[in-house]
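# Observations on the model geometry
Now for the letters of each chain:
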Amino acid sequence: MPQIPEKIHELTVGQLSARSGAAVSALHFYEAKGLIGSRRTAGNQRRYGRDALRRVAFIRAAQRVGIPLATIREALSELPEERTPTREDWSRLSAAWRAELDDRIKQLGRLRDHLSDCIGCGCLSLETCVLSNPDDVFGARMAGSRLLPLRRPDQEETP
Ligand code: FES
């Protein structure tokens with residue numbers, strides 16, 4: 001990983017990409033979503049403060065554990081003056097996200113266990129297939145195939 005000399009206070013998008021490991025397109029995306037910010041030079045080129053490195057590291061670490069970008073953005077925006085997250089911020093936020101992650105792992109475990117029932121089945125039934133309707137979201141409202149669009153007899157069936 002290339003080192004950026006301390007005397008350099010602003011980074012080009014290429015330097016930020018090389019140092020953080022995030023693709024340039026990802027950095028542009030983070031910026032478009034308000035997760036990182038830059039200033040423009042007279043030639044309309046982006047320049048990022050060195051703290052962008054830590055913000056990008058924070059974003060990527062959170063993404064790696066499956067935290068949605070919207071949640072990450074919310075967490076960053078709640079920091080005083082939207083400052084760069086400190087070690088303590090990461091520690092506090094990652095502890096809060098752990099419960100969310102535990103829930104997701106439990107849910108995935110349940111889906112994995114039911115997958116063996118589906119292998120070789122293919123019904124994708126809304127009544128009986130847990131993968132097709134993991135939370136039985138429609139079962140509480142109605143039974144059967146009422147979710148299928150109503151079709152007039154003269155309409156062709158689409159594949
Ligand atoms: S595909 Fe038939 S039970 Fe899941």
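The structure displayed is predicted, hence computed values, not measured ones. (Residues numbered from 1 in each chain as written. Predicted model: local features only at pLDDT ≥ 70, side-chain atom pairs only at ≥ 80, totals over all residues. Heavy atoms only, no water.)

### Quick look at the overall build of the chain
Regarding its fold elements, the chain presents five helices and three strands. Ordered by position from the N terminus, the helices and strands of the chain form the series β-α-α-β-β-α-α-α. Burial analysis of the chain (159 residues in total) assigns 23% to the buried set. Here the analysis covers contacts within the chain between residues at least 6 apart in sequence; of these, 48% occur between residues at least 24 apart. Carbon and sulfur atoms provide 53% of the accessible area of the chain, an area that totals close to 11200 Å². (Helix = DSSP H or I, 4+ residues; strand = E, 2+ residues; numbered from the N terminus. Buried < 20%, exposed > 50% of the residue type's maximum accessible area, 1.4 Å probe, protein only. Contact = heavy atoms within 4.5 Å. Areas by Shrake-Rupley, 256 points an atom, 1.4 Å probe, with all protein chains shown as cover.)

### What about unusual backbone geometry?
Although it is not a glycine, Asn44 sits at a positive phi angle of roughly 65 degrees. Residue position: Asn44 is located in the loop between strand E2 (39-40) and strand E3 (46-49). Asn44 sits in the exposed class, given a relative accessible area of 52%. A positive phi angle, near 50 degrees, is found at Leu124, a position not held by glycine. With respect to the helices and strands, Leu124 occurs in the segment after helix H5 (87-118).

### A closer look at the packing of helix H1 (residues 13-20) against helix H2 (residues 24-32)
Contact pair H1 / H2: the axes reach a minimum separation of 9 Å and the direction vectors enclose 110 degrees. When the axes of H1 and H2 are compared, the pair comes out roughly perpendicular. Of the residues in H2, those touching H1 at Val13, Leu16, Ser17 and Ser20 are Val24, Leu27 and His28. Tallied by class, the residues present in the contact of H1 with H2 amount to four nonpolar, three polar and no charged. (Axes fitted to C-alpha atoms, helices over the stretch in contact; angles between N-to-C directions. Parallel < 35°, antiparallel > 145°, perpendicular 65-115°, else oblique. Nonpolar A, V, L, I, M, F, W, Y, C, P; charged D, E, K, R; others polar.)

### Some words on the sheet that holds E3
Here we have three strands laid out as an open sheet, ordered E1-E3-E2, and antiparallel in their pairing. Looking at the sheet topology across the chains shown, the edges are occupied by strand E1 (10-11) and E2. Relative to E3, E1 runs antiparallel, the two being bridged by two bridges. Across the sheet, residue Leu11 finds its bridge partner in E3, namely Tyr48. (Pairing = 2+ DSSP bridges.)

### A look at the packing of aromatic side chains
For the structure on display, the rule yields three aromatic pairs. Here Phe58 and Trp97 contribute two aromatic rings whose centre-to-centre distance is 6.1 Å and whose plane-to-plane angle is 55 degrees, an arrangement assigned as tilted. Of this pair, Phe58 sits in helix H3 (residues 51-64) while Trp97 sits in helix H5, and the two are 39 residues apart along the sequence. Its relative accessible area of 5% is what places Phe58 among the buried residues. Ring centres 6.2 Å apart and planes at 75 degrees place the aromatic pair Trp90 and Trp97 in the edge-to-face group. Under the relative-accessibility criterion, Trp90 is labelled partly exposed at 27%. Note on Trp97: relative accessible area 7%, which makes it buried. (Phe/Tyr/Trp six-rings, centres within 6.5 Å; stacked < 30°, edge-to-face > 60°.)

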